[in-house]
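Reading the structure
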Amino acid sequence: MILITDLSKIKKRFTSSIITLGNFDGLHLGHQELIKKIIRRAEETASLSMVVTFRPHPLKILAPEKCPPLISIYEEKIHLIERLGIDVLVKIPFTLDFSAMEPREFVKDILCDLLGAKEIFVGYNYRFGKGRKGDIRMLRSLGEEFAFVVREIEQVSLNGEIISSTRIRQLLKNGDVEHAAKLLGRPYVLCGIVVKGDGRGRGLGFPTANIASRHAIIPGNGVYAVRIFVRDKHYNGIVNIGIRPTFDAKSLAVEVHIFGFDEDIYGEEVSISFIRRIREEKKFAGVPELIAQIKSDIAKAKGVLTEEPSAYEPDIQLI
């Protein structure tokens, strides 16, 4: 896959591209279906399949208070799009100057003259250009002028449920990682760096790694069965997310106990795939009761991870 992050570095214009545009946060099943359509169409027309997106999310520049927490981090989105088989990924830096570009100028100068658009696939509610003045109707009109075809894609549903990034964010916030995984087409992955904790887990007999998340979305408080990618290997484990009420802690912590692993990984990166929520966070009467519960959680997690097929193993590397 060709990755373009600076339009000025394109020295030779593309001549025939099948393009889709959007933010693609989470790259859920709906996004994947759209991308598969442009790949098939590119193959049929001997063209390049191309995804055009923006960094950062436009709302982070135009209205930060309205920008939702993002499901995907930058490296993850690139990784997932490449896995689908796209020929070219264009990540346009979104700035205030760029946001002032008129719709016609964006279509002519970038999509047509630079990227060689022959067909453009967009969602039913796609808007573009200064003040979001561009819509499907305008895009079709510009298509007649500049000789490209516009293909409008409706929302994708799963068992009658519309798949959307907003719905997935809600599910993750509620801790329903299983449902979120069905809409994503894979388990939700949280990437982060291992940082120093208070060492309490080791004192209890269950050493944990404390994770400083790179992701904006941390699933709701509770204990989860997870798979962990660290030092180029995959492991099973459990994660506790919460404020550790048994010890009257106040700050949110993400603590992972990796089965069969007891190495020093401070400062290293890990990727955590959330498979199933085992229970909610709760306060225990004392340490013995907590230890008994942890043993029960581990046994339950091992059962879950044994029965759950490992279809998607994350190997995101932080850049």
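Everything numeric in this text was worked out from a predicted model, so none of it was measured.

About the thresholds
Residues numbered from 1 in each chain as written. Predicted model: local features only at pLDDT ≥ 70, side-chain atom pairs only at ≥ 80, totals over all residues. Heavy atoms only, no water. Helix = DSSP H or I, 4+ residues; strand = E, 2+ residues; numbered from the N terminus. Buried < 20%, exposed > 50% of the residue type's maximum accessible area, 1.4 Å probe, protein only. Contact = heavy atoms within 4.5 Å. Areas by Shrake-Rupley, 256 points an atom, 1.4 Å probe, with all protein chains shown as cover. Pairing = 2+ DSSP bridges. Axes fitted to C-alpha atoms, helices over the stretch in contact; angles between N-to-C directions. Parallel < 35°, antiparallel > 145°, perpendicular 65-115°, else oblique. Left-handed = near helix turned anticlockwise from the far one by under 90°. Nonpolar A, V, L, I, M, F, W, Y, C, P; charged D, E, K, R; others polar. pLDDT = per-residue confidence, 0-100.

Another aspect to go through is the overall build of the protein chain. Looking only at helices and strands, the protein chain has 10 helices and 14 strands in total. Overall, the C-alpha framework of the protein chain stretches about 75 × 40 × 35 Å when taken along its three principal axes. Within the protein chain, buried positions represent 50% of all 319 residues. Look at the contacts in the protein chain between residues 6 or more apart in sequence, and 73% of them connect residues 24 or more apart. Carbon and sulfur atoms make up 50% of the accessible area of the protein chain, which totals about 15,300 Å².

Attention shifts here to the pairing of strand β12 (residues 233-242). Along β12, seven of the 10 residues are buried, which leaves the element largely enclosed by surrounding structure. Pairing of strand β11 (residues 222-230) with β12, which is carried by nine bridges, proceeds in the antiparallel orientation. Paired with A225 across the bridge in β12 is I238. Counting the residues in the hairpin turn of β11 and β12 gives two residues, including R231, whose phi is positive at 50°. Bridging between β12 and strand β13 (residues 253-258) involves six bridges; their strand directions are antiparallel. The partner of I241 across the bridge, within β13, is V254.

Glancing now at the packing of helix α7 (residues 165-173) against helix α8 (residues 177-184). Packing of α7 against α8 leaves a shortest axis separation of 8 Å and a crossing angle of 155°. In this view, α7 runs roughly antiparallel relative to α8, as classed from their interaxial angle. Remark: the crossing between α7 and α8 carries left-handed chirality. Residue-level contacts link R167, I168, L171 and L172 of α7 to V177, H179, A180, L183 and L184 of α8. A class-by-class count of the residues in the contact of α7 with α8 yields seven nonpolar, one polar and one charged.

So, about the sheet that holds strand β5 (residues 117-123). Across a sheet, strands are paired by hydrogen bonds formed along the backbone, either parallel or antiparallel in direction. Taken in spatial order, the six strands of this open sheet run β1-β4-β3-β2-β5-β6, and their pairing is parallel. Two strands in the sheet have a free side with no partner beyond their single neighbour: β1 (2-4) and β6 (149-153). Neighbour to neighbour, the strand axes of the sheet diverge by 20° on average, direction disregarded. Of the pairings in the sheet, the one linking strand β3 (residues 48-55) to strand β4 (residues 88-93) comprises six bridges and is parallel in character. Across the sheet, the residue bridging to V52 is V90, located in β4. Sheet contacts for helix α1 (residues 29-45): β2 (17-21), β3, β5 and β6; angle to β2, the most-contacted strand, approximately 170°. In the packing of helix α3 (residues 74-84) onto the sheet, the strands contacted are β1, β3 and β4, and the crossing angle to β4 comes to about 155°.

Following both chains from N to C, one finds helix α5 (residues 103-112) and helix α6 (residues 136-146) inclined at 50°, their axes separated by 11 Å at the closest point. Taken together, the axes of α5 and α6 lie oblique to each other. Regarding α5 and α6, the two cross each other, and that crossing is right-handed. For the pair formed by α5 and α6, the contact residues are P103, R104, V107, K108 and C112 on the first element and M138, L139, L142, E145 and F146 on the second. Class assignment of the residues belonging to the contact of α5 with α6 gives a composition of seven nonpolar, no polar and three charged.

Across the chain, the bulk of peptide bonds are trans and the bulk of non-glycine residues have phi less than zero. In this chain, R55 is followed by P56 through a cis amide linkage whose omega measures 0°. Inspection of the secondary structure puts P56 in the loop between β3 and α2 (58-62). The phi dihedral of F24 falls on the positive side, at around 55°, and the residue is not glycine. Here F24 is to be found in the loop between β2 and α1. The phi dihedral of A46 falls on the positive side, at around 55°, and the residue is not glycine.

Let's shift gears to the confidence of the model for the protein chain. With 92% of its residues at a pLDDT of 70 or more, the protein chain has an overall mean of 90. Of all the helices and strands in the protein chain, helix α9 (residues 200-204) carries the lowest mean pLDDT, 63, while β2 carries the highest, 97. Contacts for the low-pLDDT stretch residues 311-319, under 50 throughout, to residues beyond four places or in other chains number 34 contacts.

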